[in-house]
Amino acid sequence: MEKLRANGQVRAAFLILASASLLSGCVERRYTIRSDPPGATVIVNGEEIGPAPASKSFVYYGDREITLMLDGYETKTVIQPINAPWWDNYVTEFFTENIVPVSLRDEREYKYQLTPAQSPPQADLRDRAEGLRSEARVLPKPRRGGILGWLGF
């Protein structure tokens, strides 16, 4: 009789654990990047994700390098930190990812203002071009002969 009771308790515990594993939760993380004016090409950490507004899901929190490019506007590059919410830290992460029986959504939205491109003044542009031209006219140092020259010194 004792053996049947112990067997039944083990089965009940197993059923409770199995059903709890089916109710496990998850965390969905997503950020959306908007630009004003809309339509700028969005590049995040060197990966193009499309024209603004652009969304992407992510797994890890941390800093992202966001670059926005649009014809007629200056290219804008920012380092955007994405901090973890209070319920997603080292202590509670296991519970929110595996045990809590609901899906948690963390959606972030970032909006950036682009400034119209301005061409530099003609005088500055001409001075820069003359400087580059004069650098191109300077001859390189002659190479040394012998074994050192053969080695590139």
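Anything mentioned here points back to the structure above.
Residues numbered from 1 in each chain as written. Predicted model: local features only at pLDDT ≥ 70, side-chain atom pairs only at ≥ 80, totals over all residues. Heavy atoms only, no water.

Sheet architecture is open: 3 strands sit in the order E4-E1-E7, paired in mixed fashion. The two strands at the open ends of the sheet, each matched to only one other strand, are strand E4 (54-57) and strand E7 (103-113). When strand polarity is set aside, the average angle formed by the axes of neighbouring strands in this sheet is 20°. Here 11 bridges tie strand E1 (residues 26-36) to E7, and the two strands are oriented parallel to one another. Counterpart to glutamate 28 in the pairing with E7 is arginine 105. (Pairing = 2+ DSSP bridges. Helix = DSSP H or I, 4+ residues; strand = E, 2+ residues; numbered from the N terminus. Axes fitted to C-alpha atoms, helices over the stretch in contact; angles between N-to-C directions.)

This brings us to the side chain of serine 35. In this fold, serine 35 is placed in strand E1. Within the local environment of serine 35, its side chain forms a polar contact with the backbone oxygen of proline 37, the two atoms lying 2.7 Å apart. (Polar contact = N/O pair within 3.5 Å; in protein donor to acceptor, adjacent residues only side chain to side chain.)

This paragraph deals with the pairing of strand E6 (residues 76-82). Strand direction decides the pairing type here: strand E5 (residues 62-69) and E6, joined by 7 bridges, are antiparallel. By the bridge assignment for E6, threonine 67 is matched with threonine 77. The antiparallel pairing of E5 with E6 creates a hairpin that spans 6 residues between the two strands, and glycine 72 there sits at a positive phi of about 85°.

A negative phi angle is the norm for most residues apart from glycine, just as the trans form is the norm for most peptide bonds. Note that the residue after aspartate 36, namely proline 37, is joined by a cis bond; omega there is 10°. That bond from alanine 52 to proline 53 is cis: its omega, 0°, falls within 30 degrees of zero. Locating proline 53 in the fold gives a position in the loop between strand E3 (47-51) and E4. Residues other than glycine seldom take positive phi values, yet asparagine 45 does so here, at roughly 50°. Position of asparagine 45 relative to the elements: it lies in the loop between strand E2 (41-44) and E3. For asparagine 45, a relative accessible area of 48% puts it in the partly exposed group. (Buried < 20%, exposed > 50% of the residue type's maximum accessible area, 1.4 Å probe, protein only.)

With respect to the element layout, aspartate 106 can be found in strand E7. Contact partners of aspartate 106, with chain neighbours within four places excluded, come to Glu28, Arg29, Arg30, Tyr61, Pro85 and Trp87. (Contact = heavy atoms within 4.5 Å.)

Here we come to the pattern of salt bridges. Under the criterion given, the structure shown has 6 salt bridges. Its salt-bridge partner being glutamate 47, residue lysine 56 comes within 3.3 Å of it at the nearest N-O pair. Judged by relative accessible area, lysine 56 falls into the partly exposed class, the value being 26%. Here glutamate 130 ties to arginine 133 by a salt bridge, and the two come within 2.8 Å at their closest N and O atoms. You can see glutamate 130 and its partner arginine 133 sitting in helix H3 (residues 122-137), 3 residues apart, about one turn around the helix. Sharing partners across several salt bridges, the network here consists of Glu28, Arg105 and Glu107. (Salt bridge = Lys/Arg side-chain N within 4 Å of Asp/Glu carboxyl O.)

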